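# Geometric and topological summary
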Amino acid sequence: MDHSAKRDDSGEKELNAFVQSLLKQMQDRFEEMSSSIVNRIDEMGTRIDDLEKSLGDLMKDIEGTGDELNPSSPSKYSGNK
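Here is a short report on the structure shown in this document.

Rules used throughout
Residues numbered from 1 in each chain as written. Predicted model: local features only at pLDDT ≥ 70, side-chain atom pairs only at ≥ 80, totals over all residues. Heavy atoms only, no water. Helix = DSSP H or I, 4+ residues; strand = E, 2+ residues; numbered from the N terminus. Buried < 20%, exposed > 50% of the residue type's maximum accessible area, 1.4 Å probe, protein only. Areas by Shrake-Rupley, 256 points an atom, 1.4 Å probe, with all protein chains shown as cover. Salt bridge = Lys/Arg side-chain N within 4 Å of Asp/Glu carboxyl O. Patch = residues over 30% accessible without salt bridge, like charges linked within 9 Å, V, L, I, M, F, W, Y side chains within 5 Å.

## Concerning the overall build of the protein
Across its full length, the protein holds 1 helix and 0 strands. The buried share among the 81 residues of the protein stands at 2%. For the protein, the exposed area adds up to about 7,800 Å²; of that, 57% sits on carbon and sulfur atoms.

## Quick word on the pattern of salt bridges
Opposite charge on two side chains allows them to pair when their charged atoms are near. On inspection of all chains with the given rule, the structure shows 4 salt bridges. In this structure, the salt-bridge partner of Asp-9 is Lys-13, at a minimum N-O distance of 3.8 Å. You can see Asp-9 and its partner Lys-13 sitting in helix 1 (residues 3-69), 4 residues apart, about one turn around the helix. Relative accessible area serves as the criterion here: at 56%, Lys-13 is assigned to the exposed category. With a closest N to O distance of 3.0 Å, Asp-28 and Lys-24 form a salt bridge. Pair noted here: Asp-28 and Lys-24 are both in helix 1, with a separation of 4 residues, about one helical turn.

## So, a nonpolar patch on the surface
On the surface, a nonpolar cluster with roughly 570 Å² of combined accessible area is contributed by Leu-15, Phe-18, Val-19, Leu-22, Leu-23 and Met-26. Along the chain, Leu-15 turns up in helix 1. The exposure class assigned to Leu-15 is exposed, which follows from its relative accessible area of 51%.

Structural measurements only, silent on function.
So this is what it looks like as structure tokens:
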């Protein structure tokens, strides 16, 4: 084997190592981003659950006072029974 064949072989090994390193970095970054996205989706789900609970509580409060706020319904104060 002459010097140019050894250089080609060495260059191939360097290129292969570089590509492997680059692929590993890309995979690590992808996993990091995926994890971040999943965490954000979980946080959004929790916020949505909290919002739904708050809206449900508000609806219950409104239902309790709804007749007093609706002028078309008979009120306990209007004398209509």
